[in-house]
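Survey of secondary and tertiary structure
One letter stands for each residue in the lines below.
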Amino acid sequence: MERALLVSLKVLAIDIPLLAVLGGGLGWLLARHDFKGRELLSLLVQLPIVLPPSVLGLYLLFVLGGVPFLREAGLLFAFPATVLGALVPSLPIMVQAARAAFSGVDRTLEEAALTLGRGRWEVFRRVTLPLSRRMLLVGLALSSARALGDFGVTLMVAGNIPGRTQTLPLYIYGQVESLNFARANAAALLLVGVGIGSLWLVRRMEAGSHERLA
């Protein structure tokens, strides 16, 4: 289980910053900008939520294997595919949270800061980001937990190679296939603990937000 845990931690170490940057950026774009194709982009971003993991994994498999430079890069059935397989289904959660967070910021506060001579980046850093921080952290916690627990997409594009692409969910699958239920249960309890911890963190942040409003 230690090797599978290490692979999962490596995946999270890469996916968490990607979720923050890509998810936060897309959420900001959808919340604050009106452009042609905005609704189509929103639909495509949210599509992984409703697609079965097998379908999502299949199309991702076609992309990684069909696009010449991606195929030549050797991403399939390697660690990068594990990172991508966990990222794709968890990204919509972060996008939705970021979109809600940035939409909920009072624009008049930002405009007031701009009239005081502050630059847009400084206004974002000192006004927008602090006001949206709690919701962004909620989205990051939930999307990270989803990335850690991905099974179907990762299995389709990365396989189940111990020490290379085998994450904790895939380790559980392998142990159940081998009838090693004790080991499978130990790994499952670890994931359950992470899930409970993520939900507890979300509830604490939501409670803190309600206290501030009161």
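Description of the structure in this document. The shown structure was predicted, so the numbers you read here are calculated from the model rather than taken from an experiment.

Side note on helix α3 (residues 53-66)
- For α3, spanning 14 residues, the distance from its first C-alpha to its last is 19 Å, which sits close to the expected 20 Å at 1.5 Å a residue.
- Looking at α3, one finds that the buried residues are L56, G57, L60 and L64. Projected down its long axis, α3 carries its buried residues within an arc of 95°, all on one side.
- At its buried positions, α3 is contacted by α2 (38-50), α4 (68-72), α5 (79-103) and α8 (152-158).

Description of the side chain of T154
- When you line up the elements, T154 lands in helix α8.
- Not counting residues within four places of it along the chain, the set of residues in contact with T154 comprises T82, G85, A86, G159, T165 and L170.

Structural notes on the pattern of salt bridges
- The final tally for this structure, using the stated rule, is three salt bridges.
- In this structure, R126 engages E122 in a salt bridge whose closest nitrogen and oxygen atoms are separated by 3.0 Å. One end of the pair is R126 and the other is E122, both in helix α7 (residues 120-148) and four residues apart, which spans about a single turn.
- On the basis of relative accessible area, E122 is assigned to the partly exposed category, the value being 22%.
- Between D150 and R146 there is a salt bridge, with the nearest N and O atoms lying 3.3 Å from each other.
- According to the relative accessible area criterion, R146 is partly exposed, its value standing at 28%.

Details of empty space enclosed by the protein
- Enumeration over the complete set of coordinates arrives at one cavity of 30 Å³ or more.
- The calculated volume of the largest cavity comes to roughly 40 Å³.
- Forming the walls of the largest cavity are S8, V11, T82, A86, A147, L148, D150, T154 and T167.
- Considering only residue class, the lining of the largest cavity consists of four nonpolar, four polar and one charged.

Comments concerning the packing of helix α6 (residues 107-115) against α7
- Where α6 contacts α7, the axes come no closer than 10 Å and their chain directions differ by 150°. Compared by their axis directions, α6 and α7 come out roughly antiparallel. Two packed elements cross with a definite hand, and for α6 against α7 that hand is right-handed. Together, L109, E110, A113 and L114 of α6 and R120, V123, V127, T128 and L131 of α7 make up the contact between the two elements.
- Tallied by class, residues from the contact of α6 with α7 come to six nonpolar, one polar and two charged.

Points about the side chain of S144
- In this structure, S144 sits in helix α7.
- A relative accessible area of 11% places S144 in the buried class.
- Apart from the residues lying within four places of it in its own chain, the contact partners of S144 are L12, I16 and L19.

Some details on the packing of helix α1 (residues 2-32) against α2
- Closest axis-to-axis distance for the α1/α2 pair is 10 Å, and the angle between their directions is 145°. Every pair of crossing elements has a handedness; the one defined by α1 and α2 is left-handed. Residue-level contacts link L26, L29 and L30 of α1 to R38, L41, S42 and V45 of α2.
- Split by residue class, the contact of α1 with α2 holds five nonpolar, one polar and one charged.

Some remarks on unusual backbone geometry
- Despite not being glycine, F77 has its phi angle at roughly 55°, a positive value.
- Even without glycine at this site, L179 takes up a positive phi of about 65°.
- Its relative accessible area of 60% is what places L179 among the exposed residues.

What counts as what
- Residues numbered from 1 in each chain as written.
- Predicted model: local features only at pLDDT ≥ 70, side-chain atom pairs only at ≥ 80, totals over all residues.
- Heavy atoms only, no water.
- Helix = DSSP H or I, 4+ residues; strand = E, 2+ residues; numbered from the N terminus.
- Expected span 1.5 Å × (residues − 1).
- Buried < 20%, exposed > 50% of the residue type's maximum accessible area, 1.4 Å probe, protein only.
- Arc of directions from axis to C-beta.
- Contact = heavy atoms within 4.5 Å.
- Salt bridge = Lys/Arg side-chain N within 4 Å of Asp/Glu carboxyl O.
- 1 Å grid on protein atoms, 1.4 Å probe; cavity = no way out; pocket = protein on both sides within 12 Å on 5 of 7 lines; lining within 4 Å.
- Points joined across faces, edges and corners; volume = space filled by probe spheres on them.
- Nonpolar A, V, L, I, M, F, W, Y, C, P; charged D, E, K, R; others polar.
- Axes fitted to C-alpha atoms, helices over the stretch in contact; angles between N-to-C directions.
- Parallel < 35°, antiparallel > 145°, perpendicular 65-115°, else oblique.
- Left-handed = near helix turned anticlockwise from the far one by under 90°.

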